[in-house]
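Coordinate inspection notes
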Amino acid sequence: MSGSSTVIDVYLLSGELIVPKDAPTDLIRAAGGIIRRFVPGGRVEVACIYREARGDWTFPKGKIDEGETFEQGALREVFEETGMSCQVIRFAGTTNYTHRKGKPKIVAYYLMEANEVEFAPNEEVDELVWVLFESVRAHLTWSRDRELFDEVMKFPELRAEAS
């Protein structure tokens, strides 16, 4: 499902995403995380979630609350959906598309690392799996997530650390 892009000219200034004043009034603002971890042998894994209600594999995300920054919303949503307390490593990028209810939606993603990992299925997320870095792209349902991950794959923060 790929809707047309509805938001252009989105900027990152001083570490926070700035949506232009002329953005659509019904724009849904959301944020999420691409969570990494290093495993023995210097390999990198990324958390992917499964939402049975939508039948998709994606990254944790959700709408930001009034008064929240995109980064604050991303940290809160990741915690609510996965139970993981994380720290932001860097801004990762955005996706924008037409929401299933016909409204334009922008999602700001942040590369994160989990401080605590204790997932339990919940109302929004049925399963969380750690996928090896080189297999993440094939695991994702949406082309917009795969396109975002193509860019994230270039980040030096996702390369295995020397042991």
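Our subject in this report is the structure included herewith. Residue positions are given per chain, counted from 1 along the sequence in the order it is written. Per-residue local features of the predicted model are confined to residues with pLDDT of at least 70, and side-chain atom pairs are confined, for both listing and counting, to 80 or more; whole-chain, interface and lining totals are unaffected and use all residues. The side-chain figures draw on all heavy atoms in the structure; neither hydrogens nor water molecules are used.

Observations concerning the side chain of Arg76
- Helix and strand assignments follow DSSP, with helices taken as H or I runs no shorter than four residues and strands as E runs no shorter than two, numbered in order from the N terminus. Along the chain, the position of Arg76 falls in helix H1 (residues 70–82).
- We call two residues contacting when some pair of their heavy atoms lies within 4.5 Å. Every residue in contact with Arg76, bar those within four places of it in the chain, is listed here: Lys63, Ile64, Asp65 and Glu68.

As for the packing of aromatic side chains
- Put simply, two rings from Phe, Tyr or Trp (the six-membered ring, in Trp's case) pair if the centres are within 6.5 Å, and we call them stacked under 30 degrees between planes, edge-to-face over 60, tilted for the rest. Across all of its chains, the model carries five aromatic pairs by this definition.
- Centroid distance Tyr50 to Trp57: 5.1 Å. Interplanar angle 45 degrees. Geometry classified as tilted.
- For every residue, the accessible area obtained with a 1.4 Å probe (protein chains only) is divided by the maximum for its type, and the residue is called buried under 20%, exposed over 50%, and partly exposed between those limits. The partly exposed category is assigned to Tyr50, whose relative accessible area is 22%.
- One aromatic cluster is present, built from ring pairs that chain together Phe59, Tyr109, Phe133 and Phe149.

Looking at a positive patch on the surface
- Side chains of Arg54, Lys63, Arg100, Lys101 and Lys103 sit close together on the surface and give a patch of like positive charge.
- Along the chain, the position of Arg54 falls in the loop between strand S4 (43–51) and strand S5 (56–58). Put simply, a patch holds well-exposed residues, over 30% relative accessible area, that have no salt bridge, with like charges counted together within 9 Å and Val, Leu, Ile, Met, Phe, Trp or Tyr side chains within 5 Å. Residue-level accessible areas treat just the shown protein chains as cover; the underlying method is Shrake-Rupley with a 1.4 Å probe. Definition used for salt bridges: Asp or Glu carboxyl oxygen within 4 Å of a side-chain nitrogen of Lys or Arg. The positive count covers Lys and Arg only, the negative count covers Asp and Glu only, and His and the chain ends enter neither. Where a charge sits is defined by one atom per residue type, namely NZ (Lys), CZ (Arg), CG (Asp) or CD (Glu).

Quick look at H1
- With 13 residues, H1 extends 18 Å between its outermost C-alpha atoms, agreeing within 8% with the 18 Å of an ideal straight helix rising 1.5 Å per residue.
- One or two residues past the end of H1 sits Gly83, with phi positive at roughly 80 degrees. Multiplying 1.5 Å by the residue count of a helix minus one yields the expected span of that helix.

The values reported here are purely geometric and, on their own, carry no functional implication.
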